[in-house]
Amino acid sequence: AIGLDCGITSVGYAVLELDSNEEPCRIIRLGSRIFTAAENPKDGSSLAKPRREARSARRRLRRHRFRLELIKDLITQKGLLSREELDSLFEGRLTDIYQLRTEALDRALTNEELARVMIHLAQRRGFKSNRKADTADKEAGKLLAAVTENDNLMKEKGYRTVGEMYYKDPVYSEVKRNKGEKYLNTVSRAHVEAEARLIFEKQEQFGQAFATQENSEEYLGILLFQRSFDEGPGGNSPY
């Protein structure tokens with residue numbers, strides 16, 4: 001019989017002889033093998049961490065691009081814009097997108113304006129917590145703290161949506177995106193979902209022809225889709 005004791009820097013072993021009752025009766029050989037831990041000596045992190053983080057970044061970017069392509073396909077297939085109009089959507093001088101997100105609550109948007117809002121919300125769709133991972137993640141803790149702070153600010157000042165808060169509140173007058181380790185501009189995905197739903201609801205009331213219940217649900221299905229934290233690429237994915 002062989003017994004093993006596996007650790008992160010050693011493996012102990014013992015080879016035992018068994019009697020006729022299959023009980024250990026004699027040690028034939030025992031010992032251990034010592035090796036260097038597979039971790040960074042400076043901070044104890046796994047040597048695989050850089051590769052894992054790079055792979056995760058590639059996956060996030062790939063899924064981000066795929067999500068935007070699906071939304072652009074929705075825009076063209078449902079007749080909001082033609083492919084040519086979509087390709088030239090961001091040419092020329094453009095209205096502040098946060099101004100458009102705010103005005104969408106009070107007036108009908110043009111087809112071009114609504115397409116810009118739809119694409120922008122998909123690019124900035126907010127933070128969604130994964131509790132299992134976040135408990136040991138300092139960065140996620142900072143993000144959650146920023147989400148709570150922004151939730152409180154929205155309630156305190158009565159902003160209807162995240163876009164309206166970003167557009168009107170002086171806190172965000174200079175910077176609307178996170179920089180370095182500052183997470184002030186982090187909001188929850190639930191708030192982004194609520195804004196998207198409200199915009200479609202208001203646009204339907206204002207007579208924007210694209211803003212139907214069917215198109216709203218199809219758009220939100222793309223906007224909010226996310227694989228399980230432990231789930232890898234899909235069945236037919238080349239990745």
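Summarised in this report is the structure supplied together with it. Remember, it's a predicted structure, so these values are computed and weren't measured experimentally.

## Structural notes on the overall build of the protein chain
So, point 1. Tallying secondary structure elements over the protein chain gives 9 helices and 3 strands in all.
So, point 2. Counted from the first residue to the last, the protein chain has its helices and strands arranged as β-β-β-α-α-α-α-α-α-α-α-α.
So, point 3. Of all 239 residues assigned to the protein chain, the portion counted as buried reaches 30%.
So, point 4. A fraction of 55% describes how many contacts in the protein chain between residues 6 or more apart in sequence connect residues 24 or more apart.
So, point 5. As displayed, the protein chain offers around 15400 Å² of accessible surface, 50% of which is attributable to carbon and sulfur atoms.

## Topic: helix H9 (residues 213–224)
So, point 1. For H9, which comprises 12 residues, the first-to-last C-alpha distance of 16 Å matches the rise-based estimate of 16 Å (1.5 Å per residue) to within 8%.
So, point 2. Every buried residue belonging to H9 is among Asn-215, Ser-216, Tyr-219, Leu-220, Ile-222 and Leu-223, and all of these are buried. Projected onto a plane normal to the axis of H9, the buried residues spread over an arc of 160° and lie on a single side.
So, point 3. The elements touched by buried residues of H9 are helix H1 (49–77), helix H4 (111–123) and helix H8 (189–205).

## Some details on the nonpolar core
So, point 1. If you look at the biggest cluster of nonpolar residues, it comprises 39 residues, and the most contacted ones within it are Ile-75, Leu-80, Met-118, Met-165 and Tyr-219.
So, point 2. Within the residue set of this core, elements represented by two or more residues are H1, helix H3 (97–103), H4, helix H6 (138–157), helix H7 (162–168), H8 and H9.
So, point 3. Top contributing element to this core by residue count: H4, with 7 residues.
So, point 4. Sequence-distant contacts of Met-165, defined by excluding residues within four places in its chain, comprise Asn-150, Leu-153, Met-154, Tyr-159, Tyr-172 and Val-187.

## Some words on the sheet that holds strand E2 (residues 10–18)
So, point 1. The antiparallel open sheet is built from 3 strands, whose spatial order is E1-E2-E3. With one partner strand each, in any of the chains shown, strand E1 (2–6) and strand E3 (24–34) form the two edges of the open sheet. On average, adjacent strands in this sheet sit at an angle of 15° to one another, irrespective of strand direction.
So, point 2. Here 9 bridges tie E2 to E3, and the two strands are oriented antiparallel to one another. Counted as the bridge partner of Val-15 is Arg-29 from E3.

## What to know about a positive patch on the surface
So, point 1. Taken together, Arg-51, Arg-52, Arg-55 and Arg-58 make up a surface patch of like positive charges.
So, point 2. Position of Arg-52 relative to the elements: it lies in helix H1.

## Considering the environment of Gln-208
So, point 1. In this fold, Gln-208 is placed in the loop between H8 and H9.
So, point 2. On the accessibility criterion, Gln-208 (8% relative accessible area) is buried.
So, point 3. Sequence separation between Gln-208 and Leu-109 is 99 residues; the distance between their C-alpha atoms is 7.0 Å.
So, point 4. Apart from residues lying up to four places away in sequence, Gln-208 is in contact with Leu-80, Leu-109, Thr-110, Asn-111, Leu-114 and Gln-203.
So, point 5. Here Asn-111 takes part through its side chain, which lies 3.1 Å from a polar atom of the side chain of Gln-208.

## Some points on the packing of H4 against H8
So, point 1. Between H4 and H8, the shortest axis-to-axis distance is 11 Å and the interhelical angle comes to 165°. On the basis of the axis angle, H4 is roughly antiparallel to H8. Between H4 and H8 lies a crossing of left-handed hand. The segment H4 lies against H8, with Leu-114, Val-117, Met-118 and Leu-121 engaging Val-192, Glu-195, Ala-196, Ile-199 and Phe-200.
So, point 2. Taken together, the residues of the contact of H4 with H8 break down into 8 nonpolar, no polar and 1 charged.

Criteria and cut-off values
- Residues numbered from 1 in each chain as written.
- Predicted model: local features only at pLDDT ≥ 70, side-chain atom pairs only at ≥ 80, totals over all residues.
- Heavy atoms only, no water.
- Helix = DSSP H or I, 4+ residues; strand = E, 2+ residues; numbered from the N terminus.
- Buried < 20%, exposed > 50% of the residue type's maximum accessible area, 1.4 Å probe, protein only.
- Contact = heavy atoms within 4.5 Å.
- Areas by Shrake-Rupley, 256 points an atom, 1.4 Å probe, with all protein chains shown as cover.
- Expected span 1.5 Å × (residues − 1).
- Arc of directions from axis to C-beta.
- Core = buried A, V, L, I, M, F, W, Y, C linked by side-chain atoms within 4.5 Å.
- Pairing = 2+ DSSP bridges.
- Axes fitted to C-alpha atoms, helices over the stretch in contact; angles between N-to-C directions.
- Patch = residues over 30% accessible without salt bridge, like charges linked within 9 Å, V, L, I, M, F, W, Y side chains within 5 Å.
- Salt bridge = Lys/Arg side-chain N within 4 Å of Asp/Glu carboxyl O.
- Lys, Arg positive; Asp, Glu negative; His and termini not counted.
- Charge placed at Lys NZ, Arg CZ, Asp CG, Glu CD.
- Polar contact = N/O pair within 3.5 Å; in protein donor to acceptor, adjacent residues only side chain to side chain.
- Parallel < 35°, antiparallel > 145°, perpendicular 65-115°, else oblique.
- Left-handed = near helix turned anticlockwise from the far one by under 90°.
- Nonpolar A, V, L, I, M, F, W, Y, C, P; charged D, E, K, R; others polar.

Interpretation note: all reported values are geometric properties and have no functional meaning in isolation.
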